[in-house]
Amino acid sequence: MWSGLLTQRVSLPGFWFSSELSVYSCLLSVASVSNCIFRLGGSIPSVPAQTSRVAAAPAAVLSVLPVAKKRFNDHPFPYHTELELEISTLTNLGIGLGRVDLPIAECGMRIADSKTASATASPRAPDPANPHSAVRDPQSSAAAGGSGWVVMVPFALPGERVRVRVFRNHKNYSEADLVAVLTPSPERIAPRCPLFGTCGGCQYQNLSYAEQLRWKQRHVAELLRHMAKLEFPVNPVIPSPREFGYRSKITPHFECGLRYADRGLAKPTSAGAESPVPAEPSEDPGTDPTAGLSVPSALRDPQSAFPIGFLKAASRFALVDVPQCPIATDAINAALPAARDAIRAKAAAGGYQRGATVLLRHSLEGVTSDYEATITEEIPFAEPVPGRAEAGLSATIVAPGSPPPATAPAGSSANPQSRRCEAPEILPNGRTQSLRLRFLARDFFQNNPFILPAFTGYVREQAAASGARFLVDAYCGSGLFALSAAHRFERVAGVELSATSVRWAQDNAAANGIANATFLAADAAAIFAGLDFPAADTAVVIDPPRKGCDELFLRQLVAFGPRVIVYVSCDPATQMRDLALLQPAGYALTAVQPFDLFPQTRHLECVITLRKT
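Presented here is a report on the structure given in the accompanying data block.

What counts, and where the lines are drawn
- Residues numbered from 1 in each chain as written.
- Predicted model: local features only at pLDDT ≥ 70, side-chain atom pairs only at ≥ 80, totals over all residues.
- Heavy atoms only, no water.
- Buried < 20%, exposed > 50% of the residue type's maximum accessible area, 1.4 Å probe, protein only.
- Helix = DSSP H or I, 4+ residues; strand = E, 2+ residues; numbered from the N terminus.
- Pairing = 2+ DSSP bridges.
- Right-handed = clockwise from strand over helix to strand, strands pointing away.
- Contact = heavy atoms within 4.5 Å.
- Axes fitted to C-alpha atoms, helices over the stretch in contact; angles between N-to-C directions.
- 1 Å grid on protein atoms, 1.4 Å probe; cavity = no way out; pocket = protein on both sides within 12 Å on 5 of 7 lines; lining within 4 Å.
- Points joined across faces, edges and corners; volume = space filled by probe spheres on them.
- Nonpolar A, V, L, I, M, F, W, Y, C, P; charged D, E, K, R; others polar.
- Core = buried A, V, L, I, M, F, W, Y, C linked by side-chain atoms within 4.5 Å.

**Some words on the pairing of strand β21 (residues 491-496)**
For β21, a buried count of five out of six residues is recorded, marking the element as mostly surrounded by other parts of the structure. Both strand β20 (residues 470-473) and β21 contribute to a ladder of four bridges, which runs parallel. The residue bridging Asp-473 from the neighbouring strand is Gly-494, located in β21. The parallel pair β20 and β21, bridged by helix α6 (residues 480-485), forms a crossover whose chirality is right-handed. In this sheet, strand β22 (residues 517-521) lies alongside β21 in parallel orientation, the contact comprising five bridges. Of the residues in β22, the one forming a bridge with Val-495 is Leu-520.

Here you go:
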């Protein structure tokens, strides 16, 4: 759909390349990008403590391992060809990217005809406006988008010289495993999680947090430039108050029964003793990197025969056993062992016919695994609230699930696993000091409660700064944005396709004493039909799913014609795609603010503000 937006750039399915070698995904999920370091049974190469920096040399083919592969595409590299190259950038999927020239292939010879081949590398001068761009760029400058064959290397960082092993060739790029880091980036750090690189959940634990934020800002700016065709300043990313221990919900998976047998995996025989697991079956038998290899020692432990965890990096099916998750809250990690034991015991007794997903959700009531449980989340107000001092309350914001400060009111629980759920405290001016929302544990809700005060506060202020008197929350759910902003507007309306969510939002408005908010169960074909707000005095907040807004919704939004649109997105690629459609309808971009709701991963939330011209 978007291939026509770019010219003179390498075309990869689901990716965009800028002239600085940045890569973008439009609608590609992280699971669809291959990353097979651990298919070979190894680990992420460690960086020696005393690593001498080496002069940047041309990228070169070091060796070719003669492995016969059925249906393997051996152009331009035979299977397991080793290369040395420099990483010039990170893609917005969190993958390192470098380029190598293929002069032999250009002369009509195949790379397979030679055991070694040179690939030139030319330096790129630092960009004075961006000091973090001072890296060597293994490309020639023959074309605006850069020349040379693209090599994607997970877990490699910009500025590093690395040795890699090719495991897959695509039409115009290759994927390779990271074998060794020859010259490490000064921003490389030791990952906290021992499963980093095996588990597909995190991409950036080997990168300093400050540098994670800078790359996320850069990715948003480049998506804006190449998908929306706009040069517009992107604000620095608002960091998460917690770099680890922030996720209030995780959903580990497991396989058993028919699905387990279908995949060639050993079925669990008891709660504590499972039969050994065979080598992972290939998703593509013609390019299976595990062919002919013994099962890695790391996968021979009993737990791995019945893994309960997350998808393996680069896999659509294989699971990694995850006994602890450093990005989950302490309360979730404390509850995880018992939940895993219960699953294994039930599976051993034949209690599961197929695989399932486990829910662990941390809220004010504690940690629950019941999908139908009613839970409560609390969002303190980020801005100063009149009456706070008179009520003798601390100005410190306490995020849900964290121990209160020493100045917290008497009676507050300091146990992050079980906090008493009480009605919001009413201040002398009639306001509550925080917003409390109730909904089902299975319902969608932002999973980093520690950044929600700043996040919801920014959305509220962007909507109110337009001077609008009315607010519409077009994907309102249980009322997060509508109710957190209600005190800044004369009237607020939440619109949802789900009648169940509307009922929760109505109950939450009543429980928080918010009388100027109404909620409507809308029809998809007539989202704004039940509103009586004048469009010229109305702000609309939209927070669509990852796929972005569909065409029907965008047409209705433009037809309604609000004064300002505050667009919240968990996928800036689809957000910028929609922005490109809203601009011709008379909406001008006024602010771009990313928020890091997901430290250690490639994901982020981005808020853009559009005003009607």
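**Quick look at the sheet that holds strand β11 (residues 249-250)**
Within the open sheet, the three strands sit side by side as β11-β16-β17. Their pairing is antiparallel. Of all the strands in the sheet, just β11 and β17 (366-368) have a single pairing partner and so form its edges. Here three bridges tie strand β16 (residues 360-363) to β17, and the two strands are oriented antiparallel to one another. The residue of β17 that forms the bridge with Arg-361 is Thr-368. Contacts from helix α4 (residues 330-348) reach β11, β16 and β17 within the one sheet, and its direction differs from that of β16 by about 145°.

**So, empty space enclosed by the protein**
By the definition in use, this model includes four cavities of 30 Å³ or more. In this model, the largest cavity occupies a volume close to 130 Å³. In terms of lining, the largest cavity is formed by 15 residues, of which the most central are Asn-92, Asp-571, Pro-572, Arg-602 and Leu-604. Listing elements by their share of the lining of the largest cavity, those giving two or more residues are α2 (209-227) and α9 (572-582). Counting residues per element, the lining of the largest cavity draws most heavily on α2, which supplies four residues. The residue makeup of the lining of the largest cavity, split by class, is seven nonpolar, four polar and four charged.

**Some thoughts on the pairing of β16**
Here β16 shows no split at all, with Leu-360 and His-362 on one side and Arg-361 and Ser-363 on the other all buried. With two bridges connecting them, β11 and β16 associate as antiparallel partners. Looking at the pairing, Ile-250 lines up with Leu-360 of β16. Taken together, β16 and the strand that follows it, β17, pair antiparallel across an intervening segment of two residues.

**Topic: the nonpolar core**
Counting residues in each nonpolar core, the largest one holds 77 residues, and the members touching the most others are Val-151 and Phe-519. Broken down by element, the residue count for this core peaks at six residues, all from helix α5 (residues 452-464). Setting aside its immediate chain neighbours within four residues, Val-151 contacts Leu-83, Leu-85, Gly-96, Leu-97, Gly-98, Val-100, Val-164, Ser-174 and Ala-176. Among the nonpolar cores identified, the runner-up in size contains 38 residues, and Ala-535, Tyr-567, Tyr-587 and Leu-604 belong to it.

**As for the sheet that holds strand β23 (residues 538-542)**
Pairing is mixed across the open sheet formed by seven strands, whose spatial order is β22-β21-β20-β23-β24-β26-β25. Edge positions in the open sheet fall to β22 and β25 (587-595), since each of these has one partner strand only. Each strand axis lies, on average, 15° off the axis of its neighbour in the sheet, ignoring direction. Strands β21 and β22 of the sheet are contacted by helix α7 (residues 499-511), whose axis makes an angle of about 170° with β22.

Bear in mind that shape data such as this cannot, by itself, settle questions of function.
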